Amino acid sequence: MAEAIYVGGLLVATPLLDDPNFRRSVVLVLEHDEDGGTLGVVLNRPSEVSVTQVLPSWDALVTGPPVLFEGGPVQTDSALALAVVLSGEEPLGWRRLQGRAAVSRLGTVDLDAPPEILAGEISQMRIFAGYAGWTAGQLDNELQEGAWYVVDSEPGDTFHPNPDTLWRTVLRRQKGDLALVATFPDDPLLN
């Protein structure tokens, strides 16, 4: 398990977290400042809204499923996009995440830029409606309460082909007892 919150790391909801916004969620940390708070996006909440309905010009660049993802409960009327670049270059309209090696080619996309300038530069992309945010100290309190596990990410997590299985997938690859949490039933009362 990772020891501290960092850009590019994952927050994985523990079975104790029953907030419907975050139940069994996997959050990629995009920004973290102990004095300013933390910002991330939920990676495993595809919506039923197609990208074509909201941002049709970006539809051809989106990695499946071609829908908006529910990035979190904050500013759900705004969109944030993540993309992986093909090379180590930083193309116009894309900004690198300032994190560890696992996210070295991952960054945010300026959705106001023309998609054509990034078409040959990116290999994967997803668009998120809203984001998850915590004020300074808020996430630390939730960690102490046992709401989240902090774990290392792997390059395929952001664009996992089956988002519904991401929570279990991330937990299964952890060492020790944490891997067993992946088998925790959806409803322990029915166990």
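Predicted model only: the values in this text are computed from it and were never measured.

Turning our attention to the pattern of salt bridges. Scanning the entire structure with this criterion turns up three salt bridges. Close ionic contact of R96 with E90 constitutes a salt bridge, the shortest N to O distance being 3.9 Å. Residue class for E90 comes out partly exposed when judged on its relative accessible area of 46%. Between R173 and E154 there is a salt bridge, with the nearest N and O atoms lying 3.4 Å from each other. Here R173, found in the segment after α3 (166–172), pairs with E154, found in the loop between β10 (148–151) and α3; they are 19 residues apart in sequence, far enough to count as distant. A relative accessible area of 27% means that R173 is categorised as partly exposed. Given a relative accessible area of 42%, E154 falls into the partly exposed group. Bridged by salt links that share partners, the residues E154, D157 and R173 form one connected network.

With that settled, the discussion passes to the environment of T183. Position of T183 among the secondary structure elements: in the segment after α3. Of note is the side chain of T183, whose polar atom sits 2.6 Å from the backbone oxygen of L180.

As a further point, take the packing of aromatic side chains. On inspection of all chains with the given rule, the structure shows four aromatic pairs. Ring geometry for F22 and W148: centres 5.5 Å apart, planes at 75°, overall edge-to-face. In this pair, F22 is assigned in the loop between β1 (10–13) and β2 (26–33) and W148 in strand β10, connecting sequence segments 126 residues apart. The two residues F22 and W148 agree in class, both being buried. On the basis of an interplanar angle of 90° and a centroid distance of 5.9 Å, the ring pair of W134 and W148 is categorised as edge-to-face. Linking W134 in strand β9 (residues 122–134) with W148 in strand β10, this pair joins segments that are 14 residues apart in sequence. You'll find W134 and W148 in the same group, each marked buried. Taken together through their ring pairs, the aromatic side chains of F22, W134 and W148 make up a single cluster.

Now for the pairing of β9. Counting buried positions over the 13 residues of β9 gives ten, a clear majority of the element. Across three bridges, strand β3 (residues 37–42) lies against β9 in antiparallel orientation. Along β9, the bridge assignment pairs T38 with W134. Two strands pair when backbone bridges link them, and strand β5 (residues 67–70) and β9 are joined in this way by two bridges, in the parallel orientation. For F69, the partnering residue across the bridge sits in β9 and is F128. Where strand β6 (residues 74–85) and β9 come together, eight bridges link them in antiparallel fashion. Following the sheet pairing, L82 is matched in β9 by R126.

With that settled, consider the environment of D152. Within the fold, D152 resides in the loop between β10 and α3. Residue D152 is classed as partly exposed on the basis of its relative accessible area, which comes to 39%. Once the C-alpha coordinates of D152 and G9 are considered, the two residues, 143 residues apart in sequence, prove to be 5.1 Å apart. Within the local environment of D152, its side chain forms a polar contact with the side chain of Y6, the two groups lying 2.6 Å apart.

Once that is clear, we can look at the side chain of T38. By secondary structure assignment, the location of T38 is in strand β3. Among the polar contacts made by the side chain of T38, one reaches the side chain of H32 at a distance of 2.7 Å. Contacts of T38, omitting those with residues within four sequence positions, involve I5, V29, E31, H32, A132, G133, W134 and L139.

Conventions we followed
- Residues numbered from 1 in each chain as written.
- Predicted model: local features only at pLDDT ≥ 70, side-chain atom pairs only at ≥ 80, totals over all residues.
- Heavy atoms only, no water.
- Salt bridge = Lys/Arg side-chain N within 4 Å of Asp/Glu carboxyl O.
- Buried < 20%, exposed > 50% of the residue type's maximum accessible area, 1.4 Å probe, protein only.
- Helix = DSSP H or I, 4+ residues; strand = E, 2+ residues; numbered from the N terminus.
- Polar contact = N/O pair within 3.5 Å; in protein donor to acceptor, adjacent residues only side chain to side chain.
- Phe/Tyr/Trp six-rings, centres within 6.5 Å; stacked < 30°, edge-to-face > 60°.
- Pairing = 2+ DSSP bridges.
- Contact = heavy atoms within 4.5 Å.

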